[in-house]
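For reference, the chains in residue letters:
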Amino acid sequence: MRWQLGRRSTNVEDRRGMRVSAPVVGGGIGALLLSLVVALLGGDPRVILEQNNSPSDRPATELPQTPAKDQMADFVSVVLADTEDTWSEIFQQSGERYVDPKLVLYSDAVESACGFARSAVGPFYCPQDQKVYIDLSFYRDLKNRYNAPGDFAQAYVIAHEVGHHVQNLLGISDQVRSRQQRADEVEANQLSVRQELQADCFAGVWANHAQRSRQILETGDVEEALNAASSIGDDRLQKQARGYVVPETFTHGSSAQRVRWFQRGIQSGDPQQCNTFKAANP
């Protein structure tokens with residue numbers, strides 16, 4: 001991926017080196033196990049964090065600061081800037097204004113407006129503060145645990161979370177939450193899958209526009225992203241974790257679904273093609 005000459009975003013907040021005190025909440029081991037299950041791309045941490053206290057109740061302790069200008073943080077800043085340029089242009093074409101999200105780098109644990117979260121939840125977007133949160137150690141897991149190496153696979157992670165921000169700005173996230181509150185568990189999971197698949201499609205839309213405008217892709221980059229999407233499908237993760245698959249418990253979509261919707265986005269470059277909620281079989 002050709003990223004070194006790209007613009008750097010001013011919307012990166014580096015909290016690495018800050019230790020956050022863990023809250024004392026109910027759930028114990030059960031909450032921890034649940035957070036491990038949610039170690040997927042694009043997870044909504046509020047399913048785990050709803051019981052937490054407000055951030056002001058838990059002071060942060062500063063640790064020796066890690067270098068803020070390392071290569072991976074630089075890479076994240078460039079990708080975020082590229083998503084800003086892409087979605088600003090798309091929103092402008094529709095007569096709307098795109099509001100840039102913030103991206104928070106953290107180590108081990110973090111406080112967000114959605115509550116306290118550990119790295120085990122994976123990268124996530126919090127709609128309350130419109131921020132994407134990522135512990136860069138996730139990229140090591142993406143390569144080693146999920147067998148999805150490559151810088152474009154890493155860019156896909158950010159683009160997916162920014163896709164959730166786009167959903168938030170368009171009011172889609174609120175609509176999903178409202179429907180989930182009236183649904184049973186199976187239907188609520190299905191709505192979650194459709195929301196995640198749309199974020200995958202939006203990530204593909206970004207890649208399409210970034211390539212047409214700035215020629216960022218190199219040979220093998222698309223395959224890297226497709227491999228990452230496939231590696232974190234619910235079916236593959238469940239098979240690895242328990243040896244069998246329970247489709248009605250999917251919350252992010254199967255490997256095939258994630259690949260298909262990312263492909264639709266990157267091939268069309270059109271957000272209108274990403275309406276997973278109207279698809280008969282997403």
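Model, not experiment: these values are computed from the prediction.

A. Here's a closer look at the packing of aromatic side chains. All chains considered together, the criterion is met by eight aromatic pairs. Taking the centre distance of 5.4 Å and the plane angle of 85° together, the rings of Tyr156 and Phe262 count as edge-to-face. One end of the pair, Tyr156, is in helix α5 (residues 151–169); the other, Phe262, is in helix α10 (residues 255–268), with 106 residues separating them in the sequence. Of the two residues examined, Tyr156 and Phe262, each falls in the buried class. Within the aromatic cluster, the residues linked to one another by ring pairs are Trp87, Phe91, Tyr98 and Phe202. Directly above the aromatic system of Trp261 lies the positively charged group of Arg264, at a separation of 4.3 Å from the ring centroid.

B. Representation of the side chain of Gln257 in the model. The topology assignment puts Gln257 in helix α10. The contacts of Gln257, once residues within four sequence positions are left out, are Val193, Leu197 and Pro282.

C. Structural view of the state of the cysteines. Overall, the coordinates contain two disulfides when judged by the stated rule. Each sulfur of the disulfide joining Cys114 and Cys126 lies 2.1 Å from the other. With the S-S bond torsion at 100°, the cross-link from Cys114 to Cys126 turns out right-handed. Residue Cys114 is located in the loop between β5 (109–112) and β6 (115–118), and its partner Cys126 is located in strand β7 (residues 124–126); the two are separated by twelve residues in the primary sequence. Each member of the pair, Cys114 together with Cys126, is buried.

D. A look at the pattern of salt bridges. The tally for this structure, following the rule as stated, stands at ten salt bridges. Arg15 is the salt-bridge partner of Glu13, the closest N and O atoms lying 2.7 Å from each other. The exposure class of Glu13 is partly exposed, given its relative accessible area of 26%. Note that Asp174 is salt-bridged to Arg177, the shortest N-O span being 2.4 Å. Residue Asp174 and its partner Arg177 are both found in helix α6 (residues 172–181); the two are separated by three residues, about one turn of the helix. The partly exposed category is assigned to Arg177, whose relative accessible area is 21%. Linked through salt bridges whose partners overlap, the residues forming this network are Arg7, Glu84 and Asp85.

What counts as what
- Residues numbered from 1 in each chain as written.
- Predicted model: local features only at pLDDT ≥ 70, side-chain atom pairs only at ≥ 80, totals over all residues.
- Heavy atoms only, no water.
- Phe/Tyr/Trp six-rings, centres within 6.5 Å; stacked < 30°, edge-to-face > 60°.
- Helix = DSSP H or I, 4+ residues; strand = E, 2+ residues; numbered from the N terminus.
- Buried < 20%, exposed > 50% of the residue type's maximum accessible area, 1.4 Å probe, protein only.
- Lys NZ or Arg CZ within 6 Å of the ring centre and 35° of its normal.
- Contact = heavy atoms within 4.5 Å.
- Disulfide = S-S within 2.5 Å.
- Salt bridge = Lys/Arg side-chain N within 4 Å of Asp/Glu carboxyl O.

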